[in-house]
Amino acid sequence: MSTAPASPPRPPETPAAPLWPASARAVPGGGIAVGGVPLAEVADRFGTPVYVLDEDEVRARARAWRTALPGADVAYAGKAFLSRAMIRWIEEEGLSLDVCSAGELELAVHSGFPAERIVLHGNAKSPDDVRAALRLGVGRIVIDGTGEIARLAALVPPGTRQRVLLRVVPGVTAGAHAAVRTGMDGQKFGLSVAGGEAEEAVARLLGQPRLELVGLHCHLGSQIAGLGPYVSAVRRLVPLLARIRDRHGVTFPELDLGGGFAIAYREGDPAVDPDTYAERVMGELTLECGRFGLPLPRLTVEPGRWIAGPAGVALYRVLSVKSTGGRTFVAVDGGMSDNPRPALYGVRYTVRLAGRSSTAPGRSVTVVGRHCEAGDVLADDVELPADLRPGDVLAVPASGAYHLSMASAYNLVGRPPVAAVSGGRARLLVRRETLADLRSRDVGE
Ligand SMILES: Cc1ncc(COP(=O)(O)O)c(C=O)c1O
Ligand SMILES: N[C@@H](CCCC[NH3+])C(=O)O
């Protein structure tokens, strides 16, 4: 008999987190409502698959970081999910915005986001990215490599200075999957602290009159469930700041510790709590700066998943229910084209019947997508009612981050729409990608 693997120990500062937006309610007579709107209604009105985004949840989550870290700069990482409405909410909540391409940047600025509150990242910024950043006047550009320094300086108009941060690699291993661990040497982002490349780049940057180096940046990785890695990063970066002060007589006004804060995907998963982050990480930063006689820099954090993820619920319709080889497969009308995360990182989700009630007993099923890969699995061994049938609406919580922003046109299915819910009303934010959209790009013979 096989025994279930023990769940990994949860760091004490990361409590189990709710899976659903705070507004989620059971609908009398069956189903689930979010933002005061029954999910079955959203599915009927906009079709499936459809992504539901709870506006109040996004705003509350954005505010949670600002409240936990008064005086700090909270930059939403737009790669998690970006749309005009999202940009407006983030702007109205007083956050900054982290972008990593001319595309994200142009959308933000053309949606009215103030360019001076934008931070541009990227390990391989194209000439278009850099030109757009300078033309639109972004607040800060994060230098990721030594070769970028002279190239950027050459493009800055004479008589002006561009504020920059330098992305460094503190040598901290953290993150839920190898593909999203960026805090240690041996991966493509940033410059090594241990190898000396970071200090060498600081010296070069300080020699560029058109660049104003305002601080260091690091981003350790994503879906980091504990705070230990952030504390370790502070312990590596503050001594570096002291060495820079001793060598160059410069103290930086800013320190950007990136994002990466974990959310829950399944019942019992841990998540980072902003207040505990503030206590532990600001506490450590204050202590370390005091130890080295450095003034406290203004902290920047860059939460992406933590703000957008739990505010999103994906809705699918069941297309087939099939028992074969000892398993029951429930296939839905979306999958790895709208959510590539299970295939990329082996993540498994929570799935609930959302459109009706059922008194049937539960049975264990595997919820799969409609794409042509056996790895297109949304959830393994989840309990769903035994009377589940084609046409039923299923809801997948924690779907707001890194689904649609990484969605593809695989199998020419078309990317799903996004509907915002708030105060009992639903409205379309992003329309469905149609077959006509897909055909219109195909211009050759
Ligand atoms: C530089 C940078 N900042 C912030 C983030 C946001 O990460 P997360 O969505 O895990 O908070 C990322 C992505 O991992 C990133 O690359
Ligand atoms: N795309 C990853 C996170 C990477 C964050 C970007 N640096 C995910 O879905 O979990």
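The chain is annotated in an unreviewed UniProt entry as Diaminopimelate decarboxylase from Streptomyces klenkii. Turning to the chain, the UniProt annotation filed under Pathway (unreviewed entry) states: "Amino-acid biosynthesis; L-lysine biosynthesis via DAP pathway; L-lysine from DL-2,6-diaminopimelate: step 1/1." The UniProt entry for the chain carries this comment under Catalytic activity (unreviewed entry): "meso-2,6-diaminopimelate + H(+) = L-lysine + CO2".

Colleague: Would you take a moment to explain the sheet that holds strand β3 (residues 37-38) for this structure?
Modeller: Two modes of strand pairing occur in sheets, parallel and antiparallel, and in both the strands are linked by backbone hydrogen bonds. With respect to topology, three strands assemble into an open sheet ordered β1-β2-β3, the strand pairing being antiparallel. Whereas interior strands pair on both sides, the edge strands pair on one side only; in this sheet they are β1 (25-26) and β3. Both strand β2 (residues 32-34) and β3 contribute to a ladder of two bridges, which runs antiparallel. Its bridge partner being in β3, A33 is matched across the sheet by P38.

Colleague: What am I meant to see in the domain arrangement of the chain here?
Modeller: Accessible area lost on assembly of the parts is the figure often given for the size of an interface. Looking at the assigned domains, one finds that the chain contains domain 1 (25-52 + 310-436) and domain 2 (55-308). Contacts between the two partners involve 21 residues from domain 1, matched on the other side by 22 residues from domain 2. Among the elements of the structure, α11 (341-345), β20 (418-422) and β21 (425-430) are those that each provide at least two residues to the side of domain 1 that touches domain 2. Class assignment of the residues belonging to the side of domain 1 that touches domain 2 gives a composition of 14 nonpolar, six polar and one charged.

Colleague: What is the right way to read the confidence of the model for the chain from this model?
Modeller: Low pLDDT means the predicted atomic positions in that stretch should not be read closely. Of the residues in the chain, 96% have a pLDDT of 70 or more, and the chain-wide mean is 96. Of the regions scoring below 50 in pLDDT, residues 1-8 engages in zero contacts with residues more than four places distant in sequence or in other chains.

Colleague: Can you walk me through the packing of helix α2 (residues 55-68) against helix α3 (residues 84-92) in this structure?
Modeller: Packed helices, taken two at a time, are described by the angle their axes make and the gap between the axes. Following both chains from N to C, one finds α2 and α3 inclined at 40°, their axes separated by 9 Å at the closest point. With respect to α3, the element α2 is oriented oblique. As α2 runs across α3, the sense of the crossing is right-handed. Residues E55, V58, R59 and A62 of α2 form the contact with α3, whose own contacting residues are M86, W89 and I90.

Colleague: Would you mind showing me how to read the environment of P416 here?
Modeller: Mapped onto the fold, P416 is located in the loop between β19 (393-397) and β20. Counting along the chain gives 315 residues from P416 to S101, while the straight-line C-alpha distance between them is 23 Å. In this structure P416 touches P49, V50, Y51, G334, D338 and R432, once residues within four positions along its chain are discounted.

Conventions we followed
- Residues numbered from 1 in each chain as written.
- Chains lettered and ligands numbered in written order.
- Predicted model: local features only at pLDDT ≥ 70, side-chain atom pairs only at ≥ 80, totals over all residues.
- UniProt positions renumbered as here; feature names shortened; annotations may be inferred.
- Pairing = 2+ DSSP bridges.
- Helix = DSSP H or I, 4+ residues; strand = E, 2+ residues; numbered from the N terminus.
- Domains from an automatic or database assignment.
- Contact = placed C-beta atoms within 7 Å.
- Nonpolar A, V, L, I, M, F, W, Y, C, P; charged D, E, K, R; others polar.
- pLDDT = per-residue confidence, 0-100.
- Axes fitted to C-alpha atoms, helices over the stretch in contact; angles between N-to-C directions.
- Parallel < 35°, antiparallel > 145°, perpendicular 65-115°, else oblique.
- Left-handed = near helix turned anticlockwise from the far one by under 90°.

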